[in-house]
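# Understanding the architecture of this molecule
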Amino acid sequence: VLSLTLARALRDRGHDVAFFVRSPGREGLADRSLFREDFDGFRVHRFVNRLAFAGVDETYRFAPAEAAFDRVLAQERPDVVHVQHLIHLSTGIVDRCLV
């Protein structure tokens with residue numbers, strides 16, 4: 001709710017807003033895949049993560065999520081990135097915003 005409210009306020013001020021989120025996916029979508037949907041006029045890039053981790057370290061540093069985020073960054077080319085939380089994604093996403 002907080003992210004959507006912020007996005008709407010930014011849009012009302014003339015900004016273009018897109019989201020990168022974790023999704024449990026739906027039937028027919030591969031785990032760790034990336035797909036795009038629209039919601040309330042926003043581009044939403046959904047990373048499918050079904051939480052099948054090889055070890056506890058992947059619960060906070062997950063290379064597939066980072067790679068998906070890199071693809072979205074290359075496509076969106078944002079001026080500003082707001083991180084609400086990184087649950088089921090990767091703390092490495094913050095590193096990618098610093099480049």
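What comes next concerns the included structure.

Calculation notes
- Residues numbered from 1 in each chain as written.
- Predicted model: local features only at pLDDT ≥ 70, side-chain atom pairs only at ≥ 80, totals over all residues.
- Heavy atoms only, no water.
- Pairing = 2+ DSSP bridges.
- Helix = DSSP H or I, 4+ residues; strand = E, 2+ residues; numbered from the N terminus.
- Axes fitted to C-alpha atoms, helices over the stretch in contact; angles between N-to-C directions.
- Contact = heavy atoms within 4.5 Å.
- Salt bridge = Lys/Arg side-chain N within 4 Å of Asp/Glu carboxyl O.
- Buried < 20%, exposed > 50% of the residue type's maximum accessible area, 1.4 Å probe, protein only.

### Focus on the sheet that holds strand β3 (residues 42–48)
One open sheet holds the 3 strands; their spatial order is β1-β3-β2, and the pairing between them is mixed. Across the chains shown, the open sheet's two edge strands, defined by having one partner strand only, are β1 (18–23) and β2 (34–39). Neighbour to neighbour, the strand axes of the sheet diverge by 30° on average, direction disregarded. The sheet contact formed by β1 and β3 spans 6 bridges and is parallel. The residue bridging S23 from the neighbouring strand is V48, located in β3. Across the sheet, helix α1 (residues 2–12) touches β1, β2 and β3, and the angle it forms with β3 is around 145°. Its contacts with the sheet place helix α2 (residues 63–76) against β1, β2 and β3, and it is angled at close to 160° to β3.

### Let's talk about the side chain of E66
Considering the arrangement of structural elements, one finds E66 in helix α2. Residue contacts for E66: discarding those within four places in its chain leaves R61, S90, G92, I93 and R96.

### Re the pattern of salt bridges
Close approach of charged atoms allows side chains with opposite charge to pair. Under the defined criterion, the tally for this structure stands at 11 salt bridges. The salt bridge involving D38 is made with R36; its shortest N-O contact spans 2.7 Å. Across the pair D95 and R61 runs a salt bridge whose closest N-O atoms are separated by 2.8 Å. In this pair, D95 is assigned in helix α3 (residues 92–97) and R61 in the loop between β3 and α2, connecting sequence segments 34 residues apart. For D95, a relative accessible area of 36% translates into the label partly exposed. Salt bridges here are not isolated pairs; linked through shared partners, they connect R61, E66, D70, D95 and R96.

### A few points about unusual backbone geometry
A positive phi is found at R32, a non-glycine position, where the angle reads about 70°. Among the structural elements, R32 can be located in the loop between β1 and β2. Despite not being glycine, D40 shows a phi value in the positive range, around 55°. On the secondary structure map, D40 appears in the loop between β2 and β3. Classification of D40 by relative accessible area gives partly exposed; the value is 33%.

Taken by themselves, the reported measurements are silent on function.
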